[in-house]
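The primary structure of each chain is shown beneath.
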Amino acid sequence: MKISCEPKNVRLTEKGNAKALASITLDDAFVVSGLKVMDGAKGLFVQMPSQKGIDKDGNEKYYDTAFPLSKELRGEINSVVLDAYQGKLNELQQGAQKRDEAPQQYDSTPEEEFEDNGPEMN
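Residues numbered from 1 in each chain as written. Predicted model: local features only at pLDDT ≥ 70, side-chain atom pairs only at ≥ 80, totals over all residues. Heavy atoms only, no water.

Participant: So what about the environment of Met48? Which residues, and what values?
Facilitator: Within the fold, Met48 resides in the loop between strand S5 (43-47) and strand S6 (50-54). Residues Met48 and Ile77, 29 residues apart in the sequence, show an inter-C-alpha distance of 9.6 Å. Not counting chain neighbours up to four residues away, the residues in contact with Met48 comprise Gly34, Leu35, Asp64, Ala66, Phe67, Pro68, Arg74 and Ile77. (Helix = DSSP H or I, 4+ residues; strand = E, 2+ residues; numbered from the N terminus. Contact = heavy atoms within 4.5 Å.)

See the structure below:
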């Protein structure tokens, strides 16, 4: 099965332990949205889409609405989404670095900015 998740499919967020929201495409035919990149005790992991429900004891609980049926597929999804998340972070860092390294644009030369333009006002 081909699984893809591009940096453009990752939206950064800062809600609780969630670092990003993502969507994946399976075999170029089916999209799963609502995956979350979470920061847990053991590091980053991907949480499957879920919704709030009530368990048999009447307690509120979150239930996965889409999930892989094998450990191997879960690992592959985790890897693809985390790689795309890292790609998004790298993309943003490169954009910020280019912006910081860009030469400053001036409408006038620095000497013109400090010309004597008349009497000094106190």
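Participant: Could you give me a rundown of unusual backbone geometry, with the residues and numbers involved?
Facilitator: For Asp27, which is not glycine, the phi torsion reads 50 degrees and is therefore positive. Residue placement: Asp27 occurs in the loop between strand S3 (18-26) and strand S4 (30-40). The residue Asp28 is not glycine, and still its phi comes out positive at about 50 degrees. Note that Asp28 resides in the loop between S3 and S4.

Participant: Kindly report on the side chain of Ser4, identifying the contributing residues and their values.
Facilitator: Mapped onto the secondary structure, Ser4 falls in strand S1 (residues 3-4). The class for Ser4 is buried, based on a relative accessible area of 18%. Not counting the four nearest positions on each side in its chain, Ser4 is found in contact with Ser23, Ile24, Thr25 and Val80. (Buried < 20%, exposed > 50% of the residue type's maximum accessible area, 1.4 Å probe, protein only.)

Participant: Could you give an account of the nonpolar core, naming the residues involved and the relevant values?
Facilitator: Grouped together as the largest cluster of nonpolar side chains are 18 residues, with contacts concentrated most on Cys5, Val10, Ile24, Leu35, Ile77 and Val81. The set of elements that each furnish at least two residues to this core consists of S3, S4 and helix H1 (71-101). Element by element, the count of residues in this core is highest for H1, at six residues. Ignoring any residue separated from it by four or fewer positions in sequence, one finds Cys5 in contact with Val10, Ala22, Ser23, Ile24, Val80, Val81 and Ala84. (Core = buried A, V, L, I, M, F, W, Y, C linked by side-chain atoms within 4.5 Å.)

Participant: Explain the layout of surface pockets to me, using residue names and the numbers behind them.
Facilitator: If you add up the space inside the largest pocket, you get close to 150 Å³. Lining the largest pocket are 13 residues, with Leu26, Val32, Phe67, Pro68 and Ile77 sitting closest to its centre. Going through the elements one at a time, S3, S4 and H1 are the ones with two or more residues in the lining of the largest pocket. (1 Å grid on protein atoms, 1.4 Å probe; cavity = no way out; pocket = protein on both sides within 12 Å on 5 of 7 lines; lining within 4 Å. Points joined across faces, edges and corners; volume = space filled by probe spheres on them.)

Participant: Give a description of the pairing of S3 that names residues and reports values.
Facilitator: Burial analysis of S3 places seven of its nine residues in the buried class, which makes it a mostly covered element. As defined by bridge partners, S1 adjoins S3 across two bridges and the pair is classed as antiparallel. Pairing of Ser4 across the sheet is with Thr25, part of S3. Taking the residues that link successive antiparallel strands as the turn, the S3-S4 hairpin has three residues, and the phi of Asp27 there is positive, at about 50 degrees. (Pairing = 2+ DSSP bridges.)

Participant: Tell me what's going on with H1, and back it up with residues and numbers.
Facilitator: In a regular helix each residue adds 1.5 Å, so 31 residues correspond to 45 Å; H1 covers 44 Å between its end C-alpha atoms and thus fits that length. For H1, the full list of buried residues reads Ile77, Val80, Val81, Leu82, Ala84, Tyr85 and Lys88. Along its buried surface, H1 packs onto S1, strand S2 (10-15), S3, S4 and S5. (Expected span 1.5 Å × (residues − 1).)

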